[in-house]
Amino acid sequence: SPRGCGCPMRAAAKTLARAFTSSRWVAKRSQRVHNIVRATSSTTAPSPLLRRNRRERPADGPTYSFDLDSARVAQLRFLAFHGCGTRYTVLYRECHKADEQPKGGVGRRGRNRAAKEVSDDIGFDAGELESTGEGDGPGWRVRLANSQEITLNALKEITPRDMALAALFDDDLGDARLYRRGEERWLASTAAPKWPEELLASLDERGVGVHGANAVICVDGSYFLELMELSAFPTPVIFPHGAWRLPGVGPTVQGSFRNLASAAIGMDAIDALSALVNNGAGPDAIGRLTGELPGRGRIQLGVDGGRAGVGSAYAAVTENEVTVTFAEGSLGLGFAPLDWERQFGAQVWDVDDDSAAAEAGVVPGMVFTHIRGESVEGWTFSEIDREFDGPRPLEVKFNTKVPGAERLYAVEMIAEEVAEALLRRKDPEMETFDFEEPGAVFEESTAAVIWREEPSTIFFGEAGSTTVVHHDIIGQVELCHVLSGSKLLAAAPWGKSSDELLRKAGARGLLSDGADDGEAEEGGVLSAPVHRSLTPDEIALLKHDDLAVVLARPGDCVAFSSICAHFATNGANEPCSAVFHGILTPASTHVLASHSERLDPFSDEEIDEDGFDGHLTGRAVLEELVPAGKDVIADYSAVEKIDSAMAKESGEKGWRMNRKMRGKAGDAAAKRRFAEAVLKMDSARDVSKAPKMWTGASRTVFYVEPVIK
């Protein structure tokens, strides 16, 4: 989505060397969350063939042991899996049964010593666990980065459905979870009851919440950071409970993600605007409001003389009627269509000082409601305009509130400002307020994030509110942290698939070969509503080839490439709120540069007259924010050293994947991929040469070569 002034974002672009000044950050934060994992040593697992091992930290993926024979045992740690349910990224090792439960003290330091012994003696290897059965039939093999391929006969009775349940296991997180899978409130069929049944069944199957064979469910925090270094996010990645499981990924208030989520529960667009105007930054705060006019699609509301803002947005949902009688002569005001796309209705654009309209209290942004005592609902702009050519005097009624607007969606407000306003509305005497921006962990624990968007923005939508099919002004990796309600987010891979989705939606101005680039948010472009039966065109959107859909619930984190054509729909049963922010990585930088037609999205007129001269653009990102590849590689090495030194000093493990986790071959594969991404980033820095799309940008498997079927 378009963001505010580019200056704050440019200020956020700092060198990675400065980002690594505090080597103790991970250890300090990890101590906050150790006590979330239940103390139980239960080995309950979805299959009796798997014995669940205790999860050391909430962000760690579920780990299981299973017998290979009478003397040997294997261990699997799940990192991620694909929406097809037949491909899993895992860490795998085999050992003798005597080594499965190593000796080493009962305290944390003792456990760490024991884990180190096993890692040194036996070691994990990264790879892919793949189904060898037909359809949902059983049968499994693991392909490791060291070229081993092992048929796991011990797991031959486990179906893909049960394997997915094992990978998703989260019961040990207990009441720290903000939702529980399988509860009716959090099902796709509850959030989108009018969507195609087969799509809902796919989303609700196993409680996974994804549709699309290549969508990725990440279940391990360290691997989520690995994806930031290796992936260009051609399809969405959902990290269940990730906004709080991995400290520093999601935003926090007073040190807790839950504090912010609790303040947002039940809040809709009007509540958020009211809090911001009356209890927070005031009417000049950044933000805008969209809504649906029955039969006329989604439009922007509260446009103040062409400028969107929280004050005019709040006025658009607040009753304030003014009546003006226009005599002969100049009107003293300018007006424009309320619905630009279809040329319906009218809104005040500007008002002359000392005019009759100004004296009566008419202000920019007000809408025409009555002319000569007759409602103008359903009138075209031309019909309203013609009335002013008729006889005078002419009585006109105006109102700040847009009549009939439904499913309101307040978007792009500054997250910190809204969070403080919500808390101050609850507690006007609040003495301290501590807000931490999302994505801090990327600066401390990964070398891949070369730019992080600050400040983050927050969106509050009424039940069933939507965004239309679009791509963003600056293609980056966008992260969404759901605070309350359910959000369905869908995306098609960039290129042909995205262009076809845009065509189906009617967003032709956004096509890769279109002259009118930017972001479409208005009028006739389609979305995917949940409050009514869908039209054939809307059904076609949801049945689009290669479309990936994720169902995100409170505490979930979703990452996707905003260069892809995408859209979102908030659940039908309750309001939804979420915090958004973007990051730029070597892999995503190349994808941005390869879409050269999007680097300069604003016309000369928009830059000169409409105030877009301060807006960050793709060209500015490539020219001003992208560092040299050699510096990124140097920072990559520095992060590894910091993690290693921290582990030796404090006994705490960092969050990054390392050689002990991936194995020698897996470690080498990850480093090759990162180096390749950095080389592609370097080629993208010269904006005079639009690079060809990197074929490797579409990969979703990194430790082994993907199987081509």
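Quick caveat, the model's predicted, so the values are computed rather than measured. (Residues numbered from 1 in each chain as written. Predicted model: local features only at pLDDT ≥ 70, side-chain atom pairs only at ≥ 80, totals over all residues. Heavy atoms only, no water.)

### Considering the pattern of salt bridges
This structure, assessed with the given rule, holds 36 salt bridges. One salt bridge in this structure joins Arg185 and Glu574, with 2.9 Å as the shortest N-O distance. Here the residue Arg185 occupies a position in the loop between α6 (160–168) and α7 (188–191), and Glu574 occupies one in the loop between β31 (565–570) and β32 (576–584), the gap between them amounting to 389 residues. When its relative accessible area of 43% is taken as the criterion, Arg185 is described as partly exposed. With a closest N to O distance of 3.6 Å, Glu705 and Arg699 form a salt bridge. Arg699 gets classed as partly exposed once you look at its relative accessible area, which sits at 22%. Salt bridges here are not isolated pairs; linked through shared partners, they connect Arg57, Asp60, Arg77 and Asp220. (Salt bridge = Lys/Arg side-chain N within 4 Å of Asp/Glu carboxyl O. Helix = DSSP H or I, 4+ residues; strand = E, 2+ residues; numbered from the N terminus. Buried < 20%, exposed > 50% of the residue type's maximum accessible area, 1.4 Å probe, protein only.)

### Some words on the side chain of His581
Within the secondary structure layout, His581 lies in strand β32. Of the polar contacts made by the side chain of His581, one reaches the side chain of His481; its length is 3.1 Å. (Polar contact = N/O pair within 3.5 Å; in protein donor to acceptor, adjacent residues only side chain to side chain.)

### Re the packing of aromatic side chains
Under the definition given, this model contains 18 aromatic pairs. Seen in terms of ring centroids, Tyr223 and Tyr703 are 6.1 Å apart; in terms of plane orientation they differ by 50°. Their pairing is tilted. Here Tyr223, found in helix α9 (residues 221–230), pairs with Tyr703, found in the segment after α24 (659–684); they are 480 residues apart in sequence, far enough to count as distant. When its relative accessible area of 1% is taken as the criterion, Tyr223 is described as buried. Through a chain of ring-to-ring contacts, three or more aromatic side chains come together here, namely Phe326, Phe335, Phe368, Phe381, Phe388 and Phe398. Between the NZ or CZ atom of Arg656 and the centre of the ring of Tyr636, over which it lies, the distance is 5.3 Å. (Phe/Tyr/Trp six-rings, centres within 6.5 Å; stacked < 30°, edge-to-face > 60°. Lys NZ or Arg CZ within 6 Å of the ring centre and 35° of its normal.)

### Some remarks on the packing of helix α12 (residues 269–279) against helix α16 (residues 415–426)
Running from N to C, α12 and α16 cross one another at 80°; their axes reach a closest spacing of 8 Å. When the interaxial angle is binned, α12 and α16 end up roughly perpendicular. Together, Asp271, Ser274, Ala275, Leu276 and Asn279 of α12 and Glu417, Val418, Ala421, Leu422, Arg424 and Arg425 of α16 make up the contact between the two elements. Broken down by class, the residue content of the contact of α12 with α16 amounts to 5 nonpolar, 2 polar and 4 charged. (Axes fitted to C-alpha atoms, helices over the stretch in contact; angles between N-to-C directions. Parallel < 35°, antiparallel > 145°, perpendicular 65-115°, else oblique. Contact = heavy atoms within 4.5 Å. Nonpolar A, V, L, I, M, F, W, Y, C, P; charged D, E, K, R; others polar.)

### Considerations on the sheet that holds β31
The strand order β8-β29-β28-β31-β26 describes an open sheet built from 5 strands, whose pairing is antiparallel. In this open sheet, the two strands that pair with only one neighbour each are β8 (210–211) and β26 (466–470). Alignment of strand β28 (residues 487–492) against strand β29 (residues 548–552), held across 5 bridges, turns out to be antiparallel. Bridge pairing in β29 places Leu488 opposite Leu551. (Pairing = 2+ DSSP bridges.)

### Concerning the environment of Phe66
When you line up the elements, Phe66 lands in strand β2 (residues 63–67). Using a relative accessible area of 1% as the deciding quantity, one classes Phe66 as buried. In this structure, the C-alpha to C-alpha distance between Phe66 and Leu49, residues 17 residues apart in sequence, is 6.2 Å. With residues up to four places along the chain from it excluded, the contact list for Phe66 reads Leu49, Leu50, Arg51, Val73, Ala74, Leu76, Tyr92, Leu152, Ala154 and Leu155.

### Let's talk about the packing of helix α20 (residues 586–594) against helix α22 (residues 618–625)
Pairs of packed helices are described in terms of their axes, by the angle between the two and the distance that separates them. Contact pair α20 / α22: the axes reach a minimum separation of 10 Å and the direction vectors enclose 135°. As summarised for this structure, α20 and α22 are arranged oblique, according to the angle between their axes. The way α20 lies across α22 gives a crossing that is left-handed. In contact with Thr589, Leu592 and Ala593 of α20, α22 contributes Gly618, Val621 and Leu622. Looking at side-chain class alone, the contact of α20 with α22 contains 4 nonpolar, 2 polar and no charged residues. (Left-handed = near helix turned anticlockwise from the far one by under 90°.)

### Describing the confidence of the model for the protein chain
With 82% of its residues at a pLDDT of 70 or more, the protein chain shows a mean pLDDT of 84. Considering only residues more than four positions removed or in separate chains, one finds that residues 514–523, a stretch of pLDDT under 50, has 38 contacts. (pLDDT = per-residue confidence, 0-100.)

### What about the pairing of strand β21 (residues 394–399)?
Note that strand β16 (residues 321–326) and β21 share 6 bridges and pair antiparallel. Paired with Glu321 across the two strands is Asn399, which belongs to β21. Relative to β21, strand β19 (residues 367–371) is paired through 4 bridges, and the arrangement is antiparallel. From the neighbouring strand, His370 faces β21, where its bridge partner is Lys397.

### Quick word on the environment of Gly207
Assignment of secondary structure puts Gly207 in the loop between α8 (197–204) and β8. When the C-alpha positions of Gly207 and Arg180 are compared, they lie 9.4 Å apart, and in sequence the two are 27 residues distant. When sequence neighbours within four positions are dropped, the list of residues in contact with Gly207 reads Leu168, Arg181 and Arg553.

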